[in-house]
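Spelled out, the chains give:
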Amino acid sequence: MSASPRAPGISPELHASFYHFFSYAGGAVASVYLGIWLHEQGMSTEQIGVISAVPVLVMLLINQFIGRIADRASDWRQALVILSILAGTIPIGMFFVDSFWGILLVWTLLTIPAGMIPSMLDAATLRMTQRNGTDFGFVRAWGTVGYTFWAALAGFVVAWLGGVAFIPLFVVVCLARAAVSLQLPRFRGEKRQQAAAQVKPQANRLREVLKPWFVLPILAFAFIQATHSILASFAALVWKDNGISEAFIGPLIATAPAAEAAMMFFWKRFAGKISARHMILLAAVVTIARWTIMAFNPPVWALFILQCTHSVTYAVGYFGLVHFIANWTSEDIAAQAQGFAFIVQQALIVTTLLVFGWLVSGLGSHAFLIASVFGVVALGCVIASLMLKPTKGDSAAVAH
């Protein structure tokens, strides 16, 4: 599959940004109405949980295999296009199923390729921007902007046309992502050269770096990311139970991705001033403060401030993670390495969500203190990694 033709004057980064805008479209639409739609199809709460969990479990099993295939290709573009086409055409099957087993099968088959796109896309985009000396944050920010746009569009369309519009809209945005994938640029250099900025030795096989100093920062961000899953699944419920008006809950939810996108767009101004692992460490410290305060039911104005810290806990933490992995692994295992981090995150998220619902029912907002503990664990993991293999004070673009 050859590289797509590019219009004169349009850079690879702009092509990638356009795809990033569509990359989370299906997940954004599903986040708005999937649970409600499943309930309308007669699914029980337990069945909805199974439908949500099974695709993640399957991805945990096959993610590394797919990543290995993608890394061996001449460019990651081929894998991204194939995954996008699969994730765009399989959803058509949702028009023809209405039973638990039918929905479970089709939803699992469509979620697997869609779920593998983000980590592979980020790995490919980071390598391209490092080599070209361009701004990874600007390109990646369009993914967050897109997610927010598609979620808002889904809410508007469903409110206007009713639940019957959910599946058609979901299929359309998935097909649109597949179509946009055809204009993706090459991400590797013509001869698969390494990024010019990289001067440190890099591993060519994943097992070469699967050592405590390398795994601990990945585990640290997984704990931080697990707190974001708590935010997405339980914060609105807890806020409502604590007397926060529904008129404020929507803007509160929207504040987090808005702050995240803003940080990504302006990240280039801060990049180079802090090493990759110290970025994750900073995210851990802010995570502790964010959830400790949130656990004691602060006023609405304070919640808005806390939601703005998402710019650090996610954007800065995630940039630290992807740079850390990229700086210690070669392009030969880029998708596998980012995929390994994805597996760790998803495994911890699934475990967290299974337990946290029970904690919220018993403790209310005080259950958020568990998220603070996650931040403490993340902080400890980064500190331990730095003790095992200290940084040399390098910039984030090439830091370890």
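The numbering scheme is per chain: residues are counted from 1 as the chain's sequence reads. Reporting of local features is limited, given that this is a predicted model, to residues whose pLDDT is at least 70; pairs of side-chain atoms are given and counted only at 80 or more, and all residues count toward the totals for whole chains, interfaces and linings. Values reported for side chains reflect all heavy atoms of the structure, with hydrogen atoms and water molecules removed beforehand.

Peer 1: Describe the pattern of salt bridges, with residues and values.
Peer 2: Basic side-chain nitrogens of Lys or Arg form a salt bridge, by our definition, when they fall within 4 Å of a carboxyl oxygen of Asp or Glu. Across all of its chains, the model carries one salt bridge by this definition. Across the salt bridge formed by Arg140 and Asp122, the nearest N and O atoms sit 3.4 Å from each other. Placement of Arg140 in helix α6 (residues 136-161) and of Asp122 in helix α5 (residues 100-132) is noted, with a sequence separation of 18 residues between them. Both residues of the pair, Arg140 and Asp122, count as buried. Only DSSP runs of H or I with at least four residues qualify as helices, and only runs of E with at least two residues qualify as strands; both kinds are numbered from the N terminus onward. Only protein chains enter the calculation, and the probe is 1.4 Å; a residue is then buried if its accessible area is under 20% of its type maximum, exposed if over 50%, and partly exposed in between.

Peer 1: Describe unusual backbone geometry, and please don't skip the residues or the numbers.
Peer 2: Residues other than glycine seldom take positive phi values, yet Asn297 does so here, at roughly 50°. Positionally, Asn297 belongs in the loop between α10 (276-294) and α11 (300-308). Using a relative accessible area of 34% as the deciding quantity, one classes Asn297 as partly exposed.

Peer 1: How would you summarise the packing of aromatic side chains if you had to cite specific residues and measurements?
Peer 2: Aromatic ring pairs: the centre-centre distance and the angle between the two ring planes describe each pair. Planes of paired rings set the category: under 30 degrees apart is stacked, over 60 is edge-to-face and the rest tilted, where pairs are Phe, Tyr or Trp rings (Trp by its six-membered ring) whose centres lie within 6.5 Å. Per the counting criterion, the structure on display carries 27 aromatic pairs. Taking the centre distance of 5.7 Å and the plane angle of 75° together, the rings of Phe21 and Phe22 count as edge-to-face. With a relative accessible area of 18%, Phe21 lands in the buried category. Between Tyr314 and Tyr318, the ring centres sit 5.5 Å apart and the planes meet at 5°, which makes this aromatic pair stacked. Here Tyr318 and Tyr314 lie together in helix α12 (residues 310-328), a separation of four residues that amounts to about one turn. In this structure Tyr314 comes out as buried when scored by relative accessible area, which is 11%. Members of the aromatic cluster, joined through ring pairs, are Phe18, Phe21, Phe22, Phe138, Trp142, Phe149, Trp150 and Phe265. The criterion for a charge sitting over a ring is simple: Lys NZ or Arg CZ within 6 Å of the ring centre, and within 35 degrees of the ring normal. A cation over an aromatic ring shows up here: Lys389 above the ring of Trp213, its NZ or CZ 5.1 Å from the ring centre.

Peer 1: So what's going on with helix α1 (residues 12-23)? Which residues, and what values?
Peer 2: Structural remark: α-helix, 3.6 residues per turn; residues separated by three or four positions point the same way. An expected span of 1.5 Å times one less than the residue number is assigned to each helix. Over its 12 residues, α1 extends 16 Å from the first C-alpha to the last, a length consistent with the 16 Å expected when each residue adds 1.5 Å. For α1, the full list of buried residues reads Pro12, Glu13, His15, Ala16, Ser17, Tyr19, His20, Phe21, Phe22 and Ser23. Among the structural elements, α2 (25-40), α4 (76-89), α5, α6 and α7 (166-181) are those in contact with the buried residues of α1. Pairs of residues are marked as contacts when any of their non-hydrogen atoms sit within 4.5 Å.

Peer 1: Tell me about the packing of helix α8 (residues 212-241) against helix α9 (residues 246-266), residues and numbers included.
Peer 2: Running from N to C, α8 and α9 point in directions that differ by 155°, and their axes come no closer than 10 Å. As judged from the angle between their axes, α8 and α9 are roughly antiparallel. Seen along the crossing, α8 lies across α9 with a hand that is right-handed. In contact with Leu231, Ala236, Trp239 and Lys240 of α8, α9 contributes Glu246, Ile249, Leu252, Ile253 and Ala256. Interaxial angles span 0 to 180 degrees and are taken between N-to-C directions of axes, which are lines fitted to C-alpha atoms, for helices over the stretch in contact. Just so you know how the angles are binned, under 35 degrees is roughly parallel, over 145 roughly antiparallel, 65 to 115 roughly perpendicular, and the rest oblique. Helix crossings fall into two classes, left-handed where the near helix is turned counterclockwise from the far one by less than a right angle and right-handed where it is turned clockwise.

Read these as spatial facts, not as claims about activity.
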